[in-house]
Amino acid sequence: NEEKFKGDKSPCSPSRVLHLRDIPSDVTEAEVISLGLPFGKVTNLLMLKGRSQALLEMASEEAAVSMVNYYTPARPYLRCQPVHIQYSNHRELKTDNLPNQARAQAALQAVNAMPPGNVATGSAFADQGGLPPGQGSVLRIIVENIFYLITLEVLYEVFSKFGCVLRIVTFTKNNQFQALLEYADPMSAYDAQMALDGQSIACYTGCCTLRVDFSKLNSLKVKYNNDKSRDFTRFDLPFGYGPPPLEPSMPAAYGIPNVIFPSYTGSAGFPPATGFLQVTGVSVPAVPGALGCLAVTVPAVPEHMIGVPAPGVAGSPGNSVLLVRNLNPEALIKFPFWIFTGVYGVVHRVKIMFKKKENALVQMEDAAQAQLAISNLNGQRLYGRVLHATLSKHWTVKLPYLGQENHGLTKDYSNSPLHRFKNPGSRNLENIFPPSATLHLSNIPPSVTVDYLKNIFASAGSTVKDFRFLQNDRKMALIQLGCVEEALQALIELHNYDLGDNHHLQISFSKCTI
């Protein structure tokens, strides 16, 4: 009879049976077992759901002591609810004659049947006093080759599949989008690191690649709940800047049970970036709380907002149109300046302003590409001028009617053969880098010499500092020019240059130097 297992009234001497309190009513047996796995083998479990309690038996008293010592200062969470753990008065669990034990025994058998490398973590961690050296609950995340807009919400959706996410802080360092993410327990951090390191958060492999390792921090301190940082356990924190967030709500796309947090929606609550993001090549392990396919569906711009300026704000995170100011009007006439925004996405339309011909609107394929172009091009020098790139107040660039005064200033490039990213799975997605003085050249025919290529760039006004073909592949090369401005101008003027033999020169920025 379960009545014999009364709640332990007060802490007692160490025992391999542990008493867990404040357990959520809908928690599963596997989730409770997962709390003990980092410290050793779990040999038995009794769920007392009517009391929101459980008794967990470890294989040894040493494992139980390690577990209590770890979780006493850092209380674990189940479904984002803190759980209290202490020693039980019972020295062992005898549940053979108790009803409703089938689920608990099935969960234990499933864990024990897993290969040693998967449960692992168990005995190996216990031998080292609980956890591997350097592993805690905080992960450091770097996103490489960003092609789609990666936000705090996107990270939450991906990483919450592996456990309860408590806090996230995002920032940019060394021109890379990075984040620190704290789980409620180290086991969740371990599962996420093992499954997600090296995977892609995008439709195309090689794009938005995650690099995940363990941070040296034990925990994160968050002062503000906004688009850069979030404490999912503190809904009372201020927004920090800009307008306050909307009332706390859980977007339907997230579907995480029992979690409510304020979702940042951007300026004036306009929709976030359009697109579909999913982690490619990831097989979600049978970890507690896993939600199946790691996919993020981001809501689209409402139909009634298409082509309508966003009232009252200079730009909106859901907008795919950027405003580029302080361009050189003379250069605009000579060269297809949209080529340099095309490095960061597919350019649909370009409109040079009729009254201010140093300004232009550029419509990208989606909002994420617009944000990517802005982050990489704002502040760059081009043809003697410093560019200013921001989101436009317009949601689309409209084509003028034939005969309008400014008809020739707006052009549609949707079907241009010069787009880099038209083909799904294109390797160009793996080579998106900030502007640099070193350019990557490709599609070079065997007949073209080093001197010929150097002369092409010199004739465009560039100072060639160095050049080399890539090892074992003369179809590609690196060329280092005098400065970033020269490289930008050379890319605009020489991308798709006809080298003969039906080869057109392909140019992109390189992350390497010669």
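Rules used in this analysis
- Residues numbered from 1 in each chain as written.
- Predicted model: local features only at pLDDT ≥ 70, side-chain atom pairs only at ≥ 80, totals over all residues.
- Heavy atoms only, no water.
- Core = buried A, V, L, I, M, F, W, Y, C linked by side-chain atoms within 4.5 Å.
- Buried < 20%, exposed > 50% of the residue type's maximum accessible area, 1.4 Å probe, protein only.
- Contact = heavy atoms within 4.5 Å.
- Helix = DSSP H or I, 4+ residues; strand = E, 2+ residues; numbered from the N terminus.
- Pairing = 2+ DSSP bridges.
- Axes fitted to C-alpha atoms, helices over the stretch in contact; angles between N-to-C directions.
- 1 Å grid on protein atoms, 1.4 Å probe; cavity = no way out; pocket = protein on both sides within 12 Å on 5 of 7 lines; lining within 4 Å.
- Points joined across faces, edges and corners; volume = space filled by probe spheres on them.
- Nonpolar A, V, L, I, M, F, W, Y, C, P; charged D, E, K, R; others polar.

## Remarks on the nonpolar core
Moving on, step 1. With 81 residues, the main nonpolar core has Phe159, Tyr183, Leu439, Leu441 and Phe457 as its most contacted residues.
Moving on, step 2. The contact partners of Phe457, leaving out residues within four places of it in the chain, are Leu439, Leu441, Ser462, Val464, Ile479, Leu481, Ala490, Leu494, Leu505 and Ile507.

## Here's the deal with the environment of Met353
Moving on, step 1. Tracing the backbone shows Met353 in the loop between strand E16 (347-352) and strand E17 (360-364).
Moving on, step 2. The partly exposed category is assigned to Met353, whose relative accessible area is 23%.
Moving on, step 3. Each C-alpha atom, one on Met353 and one on Arg325, is 9.9 Å from the other, the two residues being 28 residues apart in sequence.
Moving on, step 4. Contacts of Met353, omitting those with residues within four sequence positions, involve Leu323, Asn359, Ala360, Leu361 and Leu409.

## Overview of the sheet that holds strand E27 (residues 506-509)
Moving on, step 1. Pairing is antiparallel across the open sheet formed by four strands, whose spatial order is E23-E24-E22-E27. The sheet terminates laterally at strand E23 (464-470) and E27, the two strands that pair on one side only. Ignoring which end each strand starts from, the neighbouring axes of this sheet average 25° apart.
Moving on, step 2. Sheet topology note: the E23/strand E24 (residues 473-481) ladder contains six bridges and is antiparallel. Across the sheet, the residue bridging to Arg468 is Leu478, located in E24.
Moving on, step 3. Across the sheet, helix H11 (residues 450-459) lies against strand E22 (438-442), E23, E24 and E27, angled at about 140° from E23, the strand it touches most.
Moving on, step 4. The strands touched by helix H12 (residues 484-494) are E22, E24 and E27; relative to E27, the strand with the most contacts, the crossing angle is about 155°.

## Points about empty space enclosed by the protein
Moving on, step 1. For the coordinates displayed, the defined rule picks out two cavities of 30 Å³ or more.
Moving on, step 2. Its volume calculated, the largest cavity comes out at about 50 Å³.
Moving on, step 3. Per-class residue counts for the lining of the largest cavity are eight nonpolar, one polar and no charged.
Moving on, step 4. Taken as a whole, the second largest cavity spans an internal volume of roughly 30 Å³.
Moving on, step 5. No other element matches the three residues that helix H10 (residues 367-377) contributes to the lining of the second largest cavity.
Moving on, step 6. When grouped by side-chain class, the residues that make up the lining of the second largest cavity number eight nonpolar, no polar and no charged.

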